[in-house]
Amino acid sequence: MSDTDIGARLRYLRTRQGLSQRALAKRAGVTHSTISLIESNGVNPSVGALKRILDGIPIGLSEFFALEPDRPRQAFYRADELVEIGKGGISYRQIGENLFGRALQILKERYEPGTDTGRVPLSHDGEEGGIVLCGRLEVSVDDERRILGPGDAYYFESRRPHRFRCVGPIACEVVSACTPPSF
């Protein structure tokens, strides 16, 4: 199962069925955090656990692994077509609704003053980078910390523990990209 992006595949199926993570978790008899961790590739589920989750959709294991992504034909997106995947004081507006089968995720991020990605640093496979458009963003990577302003940028391996925080009195906006998609 290691060559297959199980998280993206599960997210694709779940959203295609119109299910929230919580709804699928309830149907499958697992916790919401289990679904979230699998979709973000934070954990690799056992075959038994994956089967139980897929029974909540419902779809069989062989069908799940045989599933081929729909190749997106859309090349251009209006501002109102970006998909909001953030919450609270952080907005993540994603280009494209379905990233299944895609290697790159592009976001327009907005952090309200004082918001951050959490006390626990993020860490996942891949690489990410971004350019600050406005405001001031504190970026911590490993033990390094920098405050970036308009025009400043970051780019690092996502396995390195990292965290983002808006500092100053105005919202911070960033255009970022990560590969592979991590949300």
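Placed above this text is the structure.
Keep in mind that what you see is a predicted model, and the values were worked out from it rather than measured.

Each value, and the rule that gives it
Residues numbered from 1 in each chain as written. Predicted model: local features only at pLDDT ≥ 70, side-chain atom pairs only at ≥ 80, totals over all residues. Heavy atoms only, no water. Helix = DSSP H or I, 4+ residues; strand = E, 2+ residues; numbered from the N terminus. Contact = heavy atoms within 4.5 Å. Buried < 20%, exposed > 50% of the residue type's maximum accessible area, 1.4 Å probe, protein only. Pairing = 2+ DSSP bridges. Axes fitted to C-alpha atoms, helices over the stretch in contact; angles between N-to-C directions.

Looking at the secondary structure, you find threonine 179 in strand S9 (residues 172–179). Expressed as a C-alpha distance, the spacing of threonine 179 and valine 83, which sit 96 residues apart in the sequence, is 18 Å. Those residues in contact with threonine 179 that lie beyond four places of it in its chain are Ala103, Leu104, Asp125, Gly126 and Glu127.

A separate point is the side chain of glutamine 94. Looking at the secondary structure, you find glutamine 94 in strand S2 (residues 90–94). The exposure class assigned to glutamine 94 is buried, which follows from its relative accessible area of 4%. Excluding its chain neighbours within four sequence positions, the residues that come into contact with glutamine 94 are Leu82, Val83, Ile85, Leu99, Gln105, Ile106 and Leu107.

Our focus in this paragraph is the sheet that holds strand S8 (residues 162–167). In space, the three strands of this open sheet follow the order S6-S5-S8, with antiparallel pairing throughout. Strand pairing shows two members of the sheet lacking a second neighbour, strand S6 (144–148) and S8, which therefore form its edges. Across this sheet, the average inter-strand angle for adjacent strands is 15°, counted without regard to direction. Relative to S8, strand S5 (residues 136–141) is paired through six bridges, and the arrangement is antiparallel. Bridge assignment links glutamate 138 to a residue of S8, and that residue is arginine 165.

Fair warning: the whole summary comes from geometry, so function is off the table for now.
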